[in-house]
Amino acid sequence: MASVTTYAVVPAPFGPVAVGVTDGALTDVRFPHADGSAATDGLGERVDPADDPVLAGAVHQLTVYLAGELRDFDLPLRYRGSVFQQRVWEGLRAVPYGTTTTYGALATSLGLDPRTTARAVGAANGANRMPIVVPCHRVIGADGTLTGFSGGVERKRVLLALEARVASGAGTLF
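Everything in this summary refers to the structure shown in the same document. Note that residues are indexed from 1 along each chain, following the sequence as it is written. Only residues with pLDDT of at least 70 get local features here, since the model is predicted, and only at 80 or more are side-chain atom pairs given and counted; chain-wide, interface and lining totals rely on the full set of residues. No hydrogens and no water enter the side-chain calculation; it runs on all heavy atoms of the structure.

Some points on empty space enclosed by the protein
Empty space among the atoms becomes apparent when a probe as large as a water molecule is rolled across them.
Okay, step 1: In the cavity and pocket records, a cavity denotes points on a 1 Å grid over the protein atoms alone where a 1.4 Å probe fits but cannot get out, a pocket denotes an open set with protein on both sides within 12 Å along at least 5 of 7 lines, and lining residues are residues with an atom within 4 Å of a point. Grid points are joined across faces, edges and corners, and a volume is the space filled by probe spheres set on the points. Scanning all chains against the criterion turns up one cavity of 30 Å³ or more.
Okay, step 2: There is about 30 Å³ of room inside the largest cavity.
Okay, step 3: By residue class, the composition of the lining of the largest cavity is three nonpolar, two polar and three charged. Classification convention: Asp, Glu, Lys, Arg as charged; Ala, Val, Leu, Ile, Met, Phe, Trp, Tyr, Cys, Pro as nonpolar; all other residues, Gly among them, as polar.

In structure tokens, the structure reads:
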């Protein structure tokens, strides 16, 4: 019997974010379509998050993150990608909240030669199916510009601004 992905939709400042879980692990975080609708096509079955503890945890943690009250996600993850991509995604999880890195610096942190692997690291970053939780938005261009992002550069700007505000102590509830 094939595994079924269940999902819920989380409201976000930039539109509804779909969160998918398969076999007790997070597998998908999807930004909204260009028209603002939730990107749930082909994702699976929409359920009440209370019916699945991992989905409930993902919805809660994403909601709290977007409110500026969570810095690190603690969820079981199921990557779908090559060994190299998974290595890059684990490297992304090590980029501290409220900071940014470059593709070259990320490659170096993984023990790779940035002169020959920065583009491959960028491609792996772009293939990340769990943005926000696996924080690919924290990677910027070598010249400091906001480069491509699966959710769009404006969403990247919103996420980085949220983290910068919280990391500086501004705009928090405590």
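From this point, the discussion proceeds with the structure in view.
Considering the nonpolar core
Okay, step 1: We define a nonpolar core as any set of buried Ala, Val, Leu, Ile, Met, Phe, Trp, Tyr and Cys residues linked to one another through side-chain atoms lying within 4.5 Å. Type-normalised accessible area, obtained with a 1.4 Å probe on protein chains alone, sets the label of each residue: buried when under 20%, exposed when over 50%, and partly exposed for intermediate values. Counting 44 residues, the largest nonpolar core has Leu 26 and Tyr 65 as the members making the most contacts within it.
Okay, step 2: Only DSSP runs of H or I covering at least 4 residues are called helices, and only runs of E covering at least 2 are called strands; the numbering of each starts at the N terminus. Elements that contribute at least two residues to this core include exactly strand 1 (5-10), strand 2 (17-22), strand 3 (25-30), helix 1 (53-66), helix 2 (83-93), helix 3 (103-109), helix 4 (114-126) and helix 5 (153-167).
Okay, step 3: If sequence neighbours within four positions are ignored, Leu 26 has contacts with Val 19, Gly 20, Val 21, Val 54, Ala 58, Leu 75, Pro 76, Leu 77, Arg 78, Met 130 and Val 133. The contact criterion used is simple: two residues touch if any of their non-hydrogen atoms lie within 4.5 Å.

Overview of the layout of surface pockets
Okay, step 1: In this structure, the largest pocket spans a volume of roughly 170 Å³.
Okay, step 2: Lining the largest pocket, in full, are Asp 28, Val 29, Arg 30, Phe 31, Pro 32, Asn 128, Arg 129, Pro 131, Ser 150, Gly 151 and Arg 155.
Okay, step 3: Looking at which element gives the most residues to the lining of the largest pocket, the answer is strand 3, with three residues.
Okay, step 4: Across the lining of the largest pocket, the residue classes tally to four nonpolar, three polar and four charged.

Describing the sheet that holds strand 4 (residues 45-46)
Okay, step 1: Pairs of strands are assigned from DSSP output, requiring at least two bridges between the strands. Taken in spatial order, the four strands of this open sheet run 3-2-1-4, and their pairing is mixed. Strands at the two margins of the open sheet, each flanked by one partner only, are strand 3 and strand 4.
Okay, step 2: Direction of pairing for strand 2 relative to strand 3: antiparallel, over a ladder of five bridges. Bridge assignment links Ala 18 to a residue of strand 3, and that residue is Arg 30.
Okay, step 3: To obtain an axis, a line is fitted to C-alpha atoms, over the contacting stretch when the element is a helix, and the angle between two such axes runs from 0 to 180 degrees between their N-to-C directions. Its contacts with the sheet place helix 1 against strand 1, strand 2 and strand 3, and it is angled at close to 25° to strand 1.

Details of the pairing of strand 3
Okay, step 1: With five of six residues buried, strand 3 is to be regarded as a mostly interior element.
Okay, step 2: Once strand 2 ends, the chain turns through two residues before running back antiparallel as strand 3, passing Asp 23 with a positive phi of about 50°.

Focus on the packing of aromatic side chains
Okay, step 1: Pairing of aromatic rings covers Phe, Tyr and Trp, the last counted by its six-membered ring, and requires centre-to-centre distances within 6.5 Å; plane angles under 30 degrees mean stacked, over 60 mean edge-to-face, and any other angle means tilted. Applying the stated criterion across every chain yields a total of four aromatic pairs.
Okay, step 2: The interplanar angle of 40° and the centroid separation of 5.4 Å between the aromatic rings of Tyr 65 and Phe 73 together place this pair among those described as tilted. The same class applies to Tyr 65 and to Phe 73, which are both buried.
Okay, step 3: Among the aromatic residues, ring-to-ring pairing joins Tyr 65, Phe 73 and Tyr 97 into one connected group.

A short note on helix 4
Okay, step 1: Here a helix's expected span is defined as the number of its residues, less one, multiplied by 1.5 Å. Taking 1.5 Å per residue as the helical rise, helix 4 with its 13 residues ought to reach 18 Å, and the 17 Å between its terminal C-alpha atoms agrees with that figure.
Okay, step 2: Those residues of helix 4 lying buried are Thr 117, Val 121, Gly 122, Ala 124 and Asn 125.

Observations concerning helix 5
An α-helix turns once every 3.6 residues. As a result, residues three or four positions apart point the same way.
Okay, step 1: Given a rise of 1.5 Å per residue, 15 residues ought to cover 21 Å, and the 21 Å separating the end C-alpha atoms of helix 5 matches this to within 8%.
Okay, step 2: Every buried residue of helix 5 is listed here: Arg 155, Lys 156, Leu 159, Leu 160, Leu 162, Glu 163 and Val 166. All buried residues of helix 5 lie within an arc of 155° about the axis, which places them on one face of the element.
Okay, step 3: In the core, the buried residues of helix 5 are packed alongside helix 1 and strand 6 (139-140).
Okay, step 4: Among the residues trailing helix 5, Gly 169 stands out with phi positive, at a value near 95°. What the arc covers is the set of directions going from the helix axis to the C-beta atoms.

Regarding unusual backbone geometry
Okay, step 1: Not every positive phi belongs to a glycine, and Asp 23 is a case in point at roughly 50°.
Okay, step 2: For Asp 23, the location among the structural elements is in the loop between strand 2 and strand 3.
Okay, step 3: Accessibility expressed as a relative area gives 52% for Asp 23, which makes it exposed.

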